[in-house]
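# Summary of structural features
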Amino acid sequence: MSKKTKIALILITSTLCFGLVYVFTYVPPIPKEHGILDTTLFLGKGEKQPLIVAFGGGGGGNDWSRDYVKVKRDSLNNKGYALLAIGYFNSNGAPSSLDRISLDAIRDSILSIAKNPKIDKSRIILMGGSRGGELALNLASRYNDFTGVIAMSASNVSFPALTWSSNTSAWSYKNKEVPYVPATLKTISPALKGDHYTAFSMMLEDKEAVKKAEIEVENINGSILLISGIKDDQWPATEMSDQIVKRLQQNNFKHYYSHIKLNGGHIAPLEHFNLVYDYLDTNFKTK
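The rules we used
- Residues numbered from 1 in each chain as written.
- Predicted model: local features only at pLDDT ≥ 70, side-chain atom pairs only at ≥ 80, totals over all residues.
- Heavy atoms only, no water.
- Helix = DSSP H or I, 4+ residues; strand = E, 2+ residues; numbered from the N terminus.
- Lys, Arg positive; Asp, Glu negative; His and termini not counted.
- Charge placed at Lys NZ, Arg CZ, Asp CG, Glu CD.
- Salt bridge = Lys/Arg side-chain N within 4 Å of Asp/Glu carboxyl O.
- Buried < 20%, exposed > 50% of the residue type's maximum accessible area, 1.4 Å probe, protein only.
- Pairing = 2+ DSSP bridges.
- Axes fitted to C-alpha atoms, helices over the stretch in contact; angles between N-to-C directions.
- Phe/Tyr/Trp six-rings, centres within 6.5 Å; stacked < 30°, edge-to-face > 60°.
- Contact = heavy atoms within 4.5 Å.

Looking now at the overall build of the chain. What the chain contains, in helices and strands, is ten helices and ten strands. With the principal axes as the frame, the chain shows a C-alpha extent of 85 × 40 × 35 Å. Here the chain contributes 33 positive and 27 negative side-chain charges, whose respective centroids are spaced 2 Å apart.

See the structure below:
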């Protein structure tokens, strides 16, 4: 190998190393849209309607305001429930990325909308799938305003922001980052290949980080329904939901909780939405 070739390789290697260091140490600024949400309220029939607050997942946008869930949304309204669809990132006016989303702002917005005279603000149920399930559990574990959680294909820990560097938390609470399980260098390869399941599984190998980032679900002020697909290819939702149940058992959780495992993938809970209706009929019955 010639001297020029060696020098070129050293320069290339140094540039790549510098690039990696930059990517993993650069912290993006808090966006000016921080705390802004995209909300749409769908009222059901009757007075004193329980409020279901619905969050989408890691794709962003305001999923529960879209046409593809209209049948489910309308059925909830027809059963006497109000539904508040919230887009918390990549949605009209909201931050563009899932990065340090303000839990306080979401809670304040929900309570403000729940002042509607047709809503029973003593019965607010948070419902989310995937990263939205992670959000629902984080909210309910910190504020006692919420009396029910429906977490579909969810996690028992907080994960990083969906940014290039993934070196900040997805959530913030009282202007501080919520502890999260970091994405290490070895997760880059599967993530670039679209193998999210392997990337998330690798993150969960850091037991110390998992312990710090575990959501304190025992603090939730109401019942919990967990639904997961045992063939989930996005992340180990069934195993993580099992960890939620384990934590509830260890802390003698006083409210109702259940984990229903389906023979399906990441979206299996939406394909078996009758389970949500059953949970609501049992725990938040309307007149």
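Now, onward.
Let's shift gears to the pattern of salt bridges. Enumeration over the complete set of coordinates arrives at 13 salt bridges. Of the charged contacts, one joins Asp 74 and Lys 70 as a salt bridge, the two residues approaching to 2.6 Å between their closest N and O atoms. A residue pair is termed a helical-turn pair when its members lie 3 or 4 positions apart in one helix, as Asp 74 and Lys 70 do in helix H2 (residues 70–78) at four residues. When its relative accessible area of 26% is taken as the criterion, Asp 74 is described as partly exposed. Residue Lys 70 is classed as partly exposed on the basis of its relative accessible area, which comes to 39%. The salt bridge partner of Glu 218 is Arg 247, with a shortest N-O separation of 2.6 Å. Of this pair, Glu 218 sits in the loop between helix H7 (207–213) and strand E9 (223–229) while Arg 247 sits in helix H8 (residues 237–250), placing them 29 residues apart in sequence. What makes Arg 247 buried here is its relative accessible area of 15%. Shared partners join several salt bridges into a network, and the residues in it are Arg 107, Asp 108 and Asp 145.

What follows concerns the sheet that holds strand E5 (residues 119–129). Strands sit in the order E1-E3-E2-E5-E6-E9-E10 across an open sheet of seven strands; the sheet is mixed. Each having just a single partner strand, strand E1 (38–42) and strand E10 (257–262) make up the two edges of the open sheet. The average undirected angle you get between the axes of adjacent strands in this sheet is 15°. By the bridge criterion, five bridges tie E5 to strand E6 (residues 148–152) in an arrangement that is parallel.

This paragraph deals with the packing of aromatic side chains. Across all of its chains, the model carries 13 aromatic pairs by this definition. With a centroid separation of 5.9 Å and 35° between ring planes, the pair formed by Trp 64 and Phe 273 is classed as tilted. Residue Trp 64 is located in the loop between strand E2 (49–55) and H2, and its partner Phe 273 is located in the loop between helix H9 (268–271) and helix H10 (274–283); the two are separated by 209 residues in the primary sequence. Of the two residues, Trp 64 and Phe 273, neither departs from the other in class, the shared state being buried. Where Phe 159 meets Phe 200, the ring centres are 4.8 Å apart and the plane angle is 70°; that geometry is what we call edge-to-face. Highlighted residues: Phe 159 in the loop between E6 and strand E7 (171–173) and Phe 200 in helix H6 (residues 196–203), separated in sequence by 41 residues. With respect to class, Phe 159 is no different from Phe 200; both count as buried. Three or more aromatic residues joined by ring pairs make a cluster, and in this case those are Phe 55, Tyr 88, Phe 89 and Trp 171.

On the secondary structure map, Ala 213 appears in helix H7. Non-local contacts of Ala 213, meaning those with residues more than four positions away in its chain, are made with Asn 156, Val 157, Ser 158, Pro 179, Tyr 180 and Val 181.

What follows covers the sheet that holds strand E8 (residues 176–177). Strand pairing within a sheet occurs via backbone hydrogen bonds; the two strands may be parallel or antiparallel. The strand order across the open sheet built from three strands is E4-E7-E8, with neighbouring strands paired in mixed fashion. Single-partner strands in this sheet number two, and they are strand E4 (101–102) and E8. As paired elements, E7 and E8 share two bridges and run antiparallel to each other. The residue of E8 that forms the bridge with Tyr 173 is Lys 176.

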